[in-house]
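If you want the building blocks of each chain, they are given just below.
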Amino acid sequence: MIYLDYAASTPLDERVFEAMLPYLRPDGFHGNPASTHGPGFKARGAVERARAQVAALIGAEASEIIWTSGATESNNLALKGALEFRGMPRAGRAVHVVTSRTEHKCVLDTCRQLETQGVSVTYLKPDAFGIVSPEQVMAAITPNTCLLSLMWVNNEIGVVQDIERLAPSLRERGILFHVDAAQAAGKLKIDLQSVPIDLLSLSAHKIYGPKGAGALFVRRKPRARLAPQMHGGGHEQGMRSGTLATHQIVGMGAAFEVAKADFDADVAHLSGLRDALWSHLQTLVGVHRNGPDGSTGQRTAPHLLNLSFEGVEGEALRASLPEIAVSSGSACSSATAEPSYVLRALGRDDELANASLRFSFGRHTTRADIDTVAAKVIQQVGWLRELSPLWKS
Amino acid sequence: MAIYFDYNATTPLDPRVLEAMLPYLSGPYGNASSVHRYGRAARDAIEAARVQVAALAGAQPSELTWTSGATESNNLALKGLPEGLAGGRVPGRVLYGATEHPAVLEAAESLRAHGWGVETIAMTQDGLIDWQVFEQQVARAPLRVAAVMVANNETGVIQDVPRVARLVHAHGALLHADAVQAAGKIPLAEYWSGAASGADLMSLSAHKLYGPKGVGALLVKSDVELETQLHGGGQERGLRGGTENLAAIVGFGVAAELAAQELEARSHHLRVLRERLEAGLHQLSGITIFGESAPRLPNTSQFGVAGWEGEALLMALDRKGIAVSSGSACASGTGEPSHVLLGMGLARDLAYSAIRVSLGVANTVAEIDRFLGLLGELRLQAAA
């Protein structure tokens, strides 16, 4: 089995696993980080070291990192928390949010929930490559706009948005800027000292850390303020209550530290794999790359390649590749048979949107894996096309 | 040797739980929402754990939703009720025990901003519901939900949850029971099973029963409608978005199964230790054990020590390598006396003097004796 679904979830890096173990062993550091005795202080120390490690990868201060249970919670907290703090809509007070149609499902679902509470939301349509232009964003802004939420790297097609160019214009207008960076961390250079984003969501299990751990960057200067969405003991500066899961947080910290140390090697490795697979599969006719193809100067993440194959049925194609773990889009939507809403938003018709595969690579993927996968895909696409009434060669 | 007497704050992992988790941490398991083989293996493991954890309370697996921990469970239980946060609907009325955990208390209080009526349930000095007051309070106005914990995290006092359930059900209301501290220490089925006498919502946590931190569960009876508080992805039948915390869920499952199998042996061990502790405390002067005459968890003893502030005593004991708590870990360091003890109507001075000893499976008679000896010395210092 060749695993090419790193964008859905990565295995733990061995170094991360080693770092977590002492916090899992019964004779190890098992205290509650909120306790004010020896075992509690030790756990607290580990949590704070991890906070600094996460902050270091993105150019933030440790005190700007709030732990969550994952990127879904981070995105929920960012959007609902920011709007609740700034005041929800009521008579005589309109509240407007701008986002895009290709955001992660948890951002879109949160926006729809906010709409039921009277918030108006503009869902920007990206261009055929998946780009939302800064001009488009600025044109959508109204005097009531209080927040923009845009992902840095799209989880299905890998397109990179021009966050650096957008951020200063939003800051000038006093509009909060939230960026979902779950797919970006470790794959793009992120420096929040020079990019004035207010809120940034992070996940551990997309970057060789454990599932169940995430973080939200909340800028301190100028201070982004949030109303807590989980009430309780007042942990995390009152923004997020709940006992901190020490081992998971330690794992997230270690994963971010490794990602910082290995950044250049990781990116070179990943983009080499992506380009190799693309050059193999380009030998097929009727293959379309979803997202930027590299020829237009737009940026794309190194770890993702999303392709649509003419003349085959998507489900049949995936079923014909039982030894390759790939996805047809986001894992979160894979229970539904609907074609990807991301590809639909790019203007792909249902047929091509359906006949798509998302290949995503990781540290453990080899060139031999890529060659095997490419040969298998070329063979299966050929066979399926021979059988297909859709294919008129 | 260091002594850990703070199992109600958190427990170490059972080595068998860690063994079960390891393949899911270091192995090639994927996202449980993925349809490929790795995703399906993750899904199977999650469903097996759902059966194990639900069984702890005699619940159906379909009644269980995974969360990131009990704080999220308690928030979802109270804020997820449809009259809660969605705009335009009629706000309800919620009653919660004066001695509830901060997660229940703060979640309930947050409903006030949405127009809910929020009231506390008065407690006696033993930490039990003041029934005369409570019955009148329930009958006074339409009630949506009451939140009463099965066992208190500080005093260990066990409430008569079936009686609460029958009362609030007779008034058409729901009961949410925080069972975090009770789970693994006393049988839970009587607090969940049964339409009349069981709770409608129940919170559970893994890291209080030798499972991992970062995972909890909410039990929801099938006829209770809840709205998600974490949007996205549609996991947990739409009730809780987010990629499942696979290894932790597997660990919770095994921890719950072991807790059920070993419940009697564990509680016997804990009871023996606690009785020895409290017999020793009775020999010292100036000790007040809270909730002593009420039914309590077998492992918990909270007491006031005259002449000491709890926080100072905690630090003095910590310097000797003994970890106890002055109350809830969540409230540590706030400098405020325990809201639980104040909620029982105890004087502030007495509440300030409290420490909590909460015992676990690894504690020994020798540790109890060493603690008692040390406490006696510290008592003499205070008297001198």
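None of these values were measured; they are calculated from a predicted model. Each chain has its residues counted from 1, running along the sequence as written. Here every chain gets a letter starting at A, and every ligand a number starting at 1, in the order they are written. Given that the model is predicted, a residue must reach a pLDDT of at least 70 before its local features are reported, and side-chain atom pairs must reach 80 or more before they are shown or counted; all residues, however, enter totals for whole chains, interfaces and linings.

### A word on the overall build of chain B
Working step 1: Secondary structure elements follow DSSP: runs of H or I of four or more residues count as helices, runs of E of two or more count as strands, with numbering from the N terminus. Helix and strand counts for chain B come out as 12 helices and 12 strands.
Working step 2: Taken over the C-alpha trace, chain B has a radius of gyration of 21 Å; the compact-globule value for 384 residues is 21 Å, and the two agree within 12%.
Working step 3: Its C-alpha atoms give chain B principal-axis dimensions of about 70 × 55 × 35 Å.
Working step 4: The buried share of chain B, taken over its 384 residues, is 59%.
Working step 5: Two residues qualify as being in contact provided that their C-beta atoms, derived from the backbone, are within 7 Å of each other. Within chain B, counting contacts between residues at least 6 apart in sequence, those at least 24 apart form 75% of the total. Here the globule rule is a power law, 2.2 Å times the number of residues to the power 0.38, and the radius of gyration is based on C-alpha atoms. Here exposure depends only on C-beta density: within 10 Å of a residue's C-beta, 20 or more other C-beta atoms make it buried, 12 or fewer make it exposed, and intermediate numbers make it partly exposed, the C-beta atoms being placed from the backbone.

### Re helix α8 (residues 263-281) of chain A
All names here are of chain A.
Working step 1: Here the expected span of a helix is defined as 1.5 Å times the quantity of residues minus one. With 19 residues, α8 ought to run about 27 Å at 1.5 Å a step, and its terminal C-alpha atoms sit 27 Å apart, in line with that.
Working step 2: If you check which residues of α8 are buried, you get Asp 266, Leu 270, Leu 273, Arg 274, Leu 277 and Leu 281. The buried residues of α8 occupy an angular sector of 95 degrees when projected down its axis, which confines them to one face. Turned more than 90 degrees away from the buried face of α8 sit Asp 264, Ala 265, Ala 268 and Ser 279, all of them exposed.
Working step 3: Buried residues along α8 sit in contact with α7 (246-261), β9 (287-290), β10 (304-309), β12 (356-360) and α12 (367-387). The directions considered for the arc are those from the helix axis to the C-beta atoms.

### Remarks on the domain arrangement of chain A
Residues and elements named next belong to chain A.
Working step 1: The domains assigned to chain A are domain 1 (2-8 + 263-387) and domain 2 (14-261).
Working step 2: Source of the domain bounds: an automatic or database domain assignment. Inter-centroid distance (C-alpha atoms) of domain 1 to domain 2 is 28 Å.
Working step 3: Listed as interface residues are 27 residues of domain 1 and, on the opposing side, 24 residues of domain 2.
Working step 4: Only α8, β10 and α10 (341-345) provide two or more residues apiece to the side of domain 1 that touches domain 2.
Working step 5: For the side of domain 1 that touches domain 2, the leading source of residues is α8, giving three residues.
Working step 6: Each residue is assigned to one class: nonpolar for Ala, Val, Leu, Ile, Met, Phe, Trp, Tyr, Cys and Pro, charged for Asp, Glu, Lys and Arg, and polar for all the others, Gly among them. Here the residues of the side of domain 1 that touches domain 2 sort into 11 nonpolar, 12 polar and four charged.

### Topic: the confidence of the model for chain B
Working step 1: The predicted model of chain B has a mean per-residue pLDDT of 93, with 95% of residues at 70 or higher.
Working step 2: Scored as a complex, the prediction yields pTM 0.94 and ipTM 0.92. Per-residue confidence from the prediction method is given by pLDDT, with values spanning 0 to 100.

### Considerations on the domain arrangement of chain B
Residues and elements named next belong to chain B.
Working step 1: Each assigned domain of chain B is listed with its residue range as follows: domain 1 (3-11 + 263-383) and domain 2 (15-257).
Working step 2: When each unit is reduced to the centre of its C-alpha atoms, the spacing between domain 1 and domain 2 is 27 Å.
Working step 3: With 27 residues of domain 1 in contact, the opposing surface of domain 2 contributes 27 residues.
Working step 4: Every element with two or more residues in the side of domain 1 that touches domain 2 is listed here: α8 (246-283), β10 (300-305) and α10 (339-343).

### Comments concerning the interface of chain B and chain A
By a frequent convention, interface size equals the accessible area lost on bringing the separate parts together.
Working step 1: Chain B puts 60 residues into the contact, and the matching count from chain A is 57 residues.
Working step 2: Listing elements by their share of the side of chain B that touches chain A, those giving two or more residues are α1 (15-26), α2 (37-56), α3 (70-79), α4 (102-110), α8 and α9 (310-319) of chain B.
Working step 3: The greatest single-element share of the side of chain B that touches chain A, amounting to five residues, is contributed by α4(B).
Working step 4: Of the residues assigned to the side of chain B that touches chain A, the class counts are 26 nonpolar, 27 polar and seven charged.

### With respect to the pairing of strand β6 (residues 176-180) of chain A
Residue and element names in this part refer to chain A.
Working step 1: With five of its five residues buried, β6 lies for the most part within the structure.
Working step 2: In short, DSSP must find at least two bridges between two strands for them to pair. Two strands pair when backbone bridges link them, and strand β5 (residues 145-151) and β6 are joined in this way by five bridges, in the parallel orientation. Bridge pairing in β6 places Met 151 opposite Asp 180.
Working step 3: We call a crossover right-handed when, viewed with the strands running away from us, the connection from the first strand over the helix to the second turns clockwise. In the classification by handedness, the crossover that spans β5, the intervening helix α6 (residues 163-173) and the parallel β6 is right-handed.
Working step 4: In the sheet, β6 pairs with strand β7 (residues 199-203) via three bridges, with the strands oriented parallel. If you follow Val 179 over to β7, its bridge partner there is Leu 200.

### Points about the sheet that holds β10(A)
Sheet strands pair by backbone hydrogen bonding; their relative direction is either parallel or antiparallel.
All names here are of chain A.
Working step 1: Spatially, β9-β10-β12 is the arrangement adopted by the three strands of the open sheet, whose pairing is antiparallel. Each of the sheet's edge strands pairs with one partner strand only, and the pair in question is β9 and β12. On average, each strand axis in the sheet is tilted by 30 degrees relative to the strand beside it, whichever way the strands run.
Working step 2: Pairing analysis gives five bridges linking β10 to β12, with the strands arranged antiparallel. When the bridges of β12 are listed, Ser 308 appears paired with Ser 356.
Working step 3: An axis is simply a line fitted to the C-alpha atoms; with a helix, the fit covers only the stretch in contact. Between two such axes, the angle follows the N-to-C directions and lies from 0 to 180 degrees. Across the sheet, α8 touches β9, β10 and β12, and the angle it forms with β10 is around 15 degrees.

### Re the environment of B:Ala70
Residue and element names in this part refer to chain B.
Working step 1: When you line up the elements, Ala 70 lands in helix α3.
Working step 2: In the structure, Ala 70 is positioned 128 residues away from Gly 198 in sequence and 19 Å away in space, judged by C-alpha atoms.
Working step 3: Leave out the neighbours within four places in its chain, and Ala 70 touches Ala 103, Asp 178, Val 180, Ser 203, Leu 204, Ser 205 and Gly 216.

### Considering the environment of A:Leu202
All names here are of chain A.
Working step 1: On the secondary structure map, Leu 202 appears in strand β7.
Working step 2: Classification of Leu 202 as buried rests on a count of 30 C-beta atoms within 10 Å.
Working step 3: For the pair Leu 202 and Leu 216, spaced 14 residues apart in sequence, the C-alpha to C-alpha distance is 6.1 Å.
Working step 4: Each residue touching Leu 202, except ones within four places of it in the same chain, is listed here: Val 54, Ala 71, Ser 74, Ala 181, Ala 182, Ala 185, Gly 214, Ala 215 and Phe 217.

### With respect to the packing of α3(B) against α4(B)
Residue and element names in this part refer to chain B.
Working step 1: Orientation of α3 relative to α4, taken along the N-to-C sense of each, is 30 degrees, at an axis distance of 9 Å. Judged by the angle between their axes, α3 and α4 are roughly parallel. The handedness of the crossing between α3 and α4 comes out as right-handed. Residue-level inspection shows Ala 70, Thr 71, Asn 74, Asn 75, Leu 78 and Lys 79 of α3 in contact with α4, the latter providing Ala 103, Val 104, Ala 107, Ala 108 and Ser 110.
Working step 2: Residues belonging to the contact of α3 with α4 are distributed by class as follows: six nonpolar, four polar and one charged. Should an angle fall under 35 degrees it is taken as roughly parallel, and over 145 as roughly antiparallel, whereas 65 to 115 is taken as roughly perpendicular and any remaining angle as oblique. Helix crossings get a hand from a simple test, with the near helix turned counterclockwise from the far one by less than a right angle marking a left-handed crossing and a clockwise turn marking a right-handed one.

### Here we look at α12(A)
All names here are of chain A.
Working step 1: Taking 1.5 Å per residue as the helical rise, α12 with its 21 residues ought to reach 30 Å, and the 31 Å between its terminal C-alpha atoms agrees with that figure.
Working step 2: What α12 keeps buried is the set Ile 370, Val 373, Val 377, Val 381 and Leu 384. Taken down its axis, α12 places every buried residue within 75 degrees of arc, on the same side. The exposed set on the far side of α12, more than 90 degrees from its buried face, consists of Ala 368, Ala 375, Gln 379, Gly 382 and Glu 386.
Working step 3: Along its buried surface, α12 packs onto β1 (2-3), α8, β10, α9 (314-319) and β11 (324-325).

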